[in-house]
Amino acid sequence: MITENIFTLVNYGIAAGLLDESDRIYTTNTLMELFGLDEYEEPQNPAEIANPAEFDLEGLLKQMLDCAVEKGLIPGDSIVYRDLFDTKIMGLLVPRPSDVISKFQDLYEEEGAKAATDWYYTFSQNTDYIRRYRIARDMKWKADTEYGEMDITINLSKPEKDPKAIAAAKTAKQSGYPKCQLCMENEGYAGRVDHPARQNHRIIPVTIQGNKWGFQYSPYVYYNEHCIVFNSQHIPMKIEHDTFVKLFHFVEQFPHYFVGSNADLPIVGGSILSHDHFQGGNYEFAMAKAPVEKAFCVKGFEDIGAGIVKWPMSVIRLSHRDYNRIIELADVILAKWRGYTDETAFIFAETDGEPHNTITPIARKRGDMYELDLVLRNNITTEEHPLGVYHPHAELHHIKKENIGLIEVMGLAVLPSRLKSELEMLADAIVAKEDIRGNEVLEKHADWVDEFLPQYDNVTKENVMEIIKKETGIVFGKVLEHAGVYKRDEAGKAAFQRFIDSI
């Protein structure tokens, strides 16, 4: 069986463009060595692989992993050890970095940025760095809100570690290499129980502000072509003048992509703050579609389009043909916001020397115009709201308790995996008219159900899940309202205008 698996995998590699026919014998031999084989015979009637994207790679790798477990090639039969080993298998099919970079650069120069990223995105899936079959398990739907159509996803593609692997990680020798999962040194890294394997990972170098950066896709793609752009040096994130420059340098090279940065303070950062990086991709979020509801003009910058965006969070949008002009005004707004206090609106630039104000910036190109959205953030905490005043409040934690980062700011809810089973159980309980408060798993949702259920006259087995999904989207809208420093009421709008006037 394993020799047949090897033959099929090599055929997959050739069909997917990872290997050339001339690589067949070499790759077969490296796979034989990995599995400790001395004999090999090609199968008589091999199945053809017409479309690599539709091929059952997961099933093939499962058979090969089962063999590895039987042979004792894997320390334990768990998802962590199996992921380490199947990445090692796939790594034997992936071209060297220089070949991948050369292919990308040739496409970029000959056919343009989109052709290059189209190829690289497919390549990253064919290598199993992006596991198509796991991404397909994520629950995704769209929810209509007063702010437009929000994206909702329950992330199921990132495997949970098993107890044995967690215990092994605690006793394992601690390593500082790579320093984090965003470092260049991850390319080709074998991984360990507390760090994913990356033998099948290839990074595209890009030049940002004259410095070497890396461009790759997220292995847990939350939206189309979800990419990560990261500094080659392991240095902390910081929102400053250079941040705006870097964002536009990337958009200039890849005008079909947006790119944005998480904020640089805890709570509102929602990311790896220790490594300077951005996230982007080929997707238009609800926030990008949201209109400017109130335009304003800044003295000395009359040529720049500026306005407040109709969005639950507090967003200023700037637009101009010359992104350098946008950067000049963004610098002014950032500096003003860093030091801005409005006690009547409960906005404090700092308390006890700790800064609270920062910005989440997102850059894009729309036609001939460059745009920059500046989302105002504040991470102050109180006894009533220990996780953050501008953070989902306790009554929403049954759906979303985690930090609100860049992706959610733009209108895509990344919800915890527990909700898949909880919402399914909740649907059954509602239809059966069970006591939700008497269920220790579901009781956290009881107040929510009591609030929305009376609005529906006819709740059935056929429509209950659609109702729950719709109401989950409404909750996410409230999550973003909580994270907005200026509320959507008259007092909040007046306070926002005071900040605009101060600019």
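For the structure, check the block above.
Residues numbered from 1 in each chain as written. Predicted model: local features only at pLDDT ≥ 70, side-chain atom pairs only at ≥ 80, totals over all residues. Heavy atoms only, no water.

A.B. asks: I'm lost on the overall build of the chain in this one. Help?
C.D. replies: Along the backbone of the chain there are 16 helices and 15 strands. At 25 Å, the chain has a C-alpha radius of gyration in line with the 23 Å of a compact globule built from 503 residues. With 503 residues in all, the chain has 54% of them scored as buried. Counting contacts in the chain only where the partners sit at least 6 residues apart, residues at least 24 apart contribute 64% of the total. In the form shown here, the chain has an accessible surface area of approximately 22900 Å², with 49% of it arising from carbon and sulfur atoms. Taking the average location of the 54 positive side-chain charges in the chain and that of its 79 negative ones, the two points are 2 Å from each other. (Helix = DSSP H or I, 4+ residues; strand = E, 2+ residues; numbered from the N terminus. Rg over C-alpha atoms; globule rule 2.2 N^0.38 Å. Buried < 20%, exposed > 50% of the residue type's maximum accessible area, 1.4 Å probe, protein only. Contact = heavy atoms within 4.5 Å. Areas by Shrake-Rupley, 256 points an atom, 1.4 Å probe, with all protein chains shown as cover. Lys, Arg positive; Asp, Glu negative; His and termini not counted. Charge placed at Lys NZ, Arg CZ, Asp CG, Glu CD.)

A.B. asks: Could you clarify how one ought to interpret the packing of helix α1 (residues 2–15) against helix α2 (residues 24–34) in this entry?
C.D. replies: Two elements in contact, α1 and α2, have axes separated by 10 Å at closest approach and are oriented at 135°. Taken as axis vectors, α1 and α2 run oblique relative to one another. Here α1 and α2 pass one another in a crossing that is right-handed. Across the interface between the two elements, Ile 6, Phe 7, Leu 9, Val 10, Asn 11 and Ile 14 from α1 touch Arg 24, Thr 27, Thr 28, Leu 31 and Met 32 from α2. The residue inventory of the contact of α1 with α2, partitioned by class, reads 7 nonpolar, 3 polar and 1 charged. (Axes fitted to C-alpha atoms, helices over the stretch in contact; angles between N-to-C directions. Parallel < 35°, antiparallel > 145°, perpendicular 65-115°, else oblique. Left-handed = near helix turned anticlockwise from the far one by under 90°. Nonpolar A, V, L, I, M, F, W, Y, C, P; charged D, E, K, R; others polar.)

A.B. asks: How should I be thinking about the pattern of salt bridges in this particular structure?
C.D. replies: Side-chain pairs of opposite charge can arise whenever the charged atoms involved come near each other. Summed over all chains, the structure comprises 32 salt bridges. Here Arg 131 and Asp 128 are joined by a salt bridge, their closest N and O atoms 3.8 Å apart. With a relative accessible area of 3%, Asp 128 lands in the buried category. Between Lys 142 and Asp 151 there is a salt bridge, with the nearest N and O atoms lying 2.5 Å from each other. What you see here is one network of salt bridges that share partners, running through Glu 284, Arg 317, Arg 364, Arg 366, Glu 371 and Asp 373. (Salt bridge = Lys/Arg side-chain N within 4 Å of Asp/Glu carboxyl O.)

A.B. asks: Hey, could you run me through the packing of helix α9 (residues 241–253) against helix α11 (residues 323–338) in this one?
C.D. replies: Angle between the axes and distance between the axes: these two values describe a pair of packed helices. The interhelical angle for the contact between α9 and α11, taken along N-to-C directions, is 150°, at an axis separation of 9 Å. Of the possible angle classes, the one that applies to α9 and α11 is roughly antiparallel. Regarding α9 and α11, the two cross each other, and that crossing is right-handed. Of the residues in α11, those touching α9 at His 241, Phe 244, Val 245, Phe 248, His 249 and Glu 252 are Tyr 323, Ile 326, Ile 327, Ala 330, Asp 331 and Leu 334.

Functional significance is not addressed by these values, which are geometric in nature.
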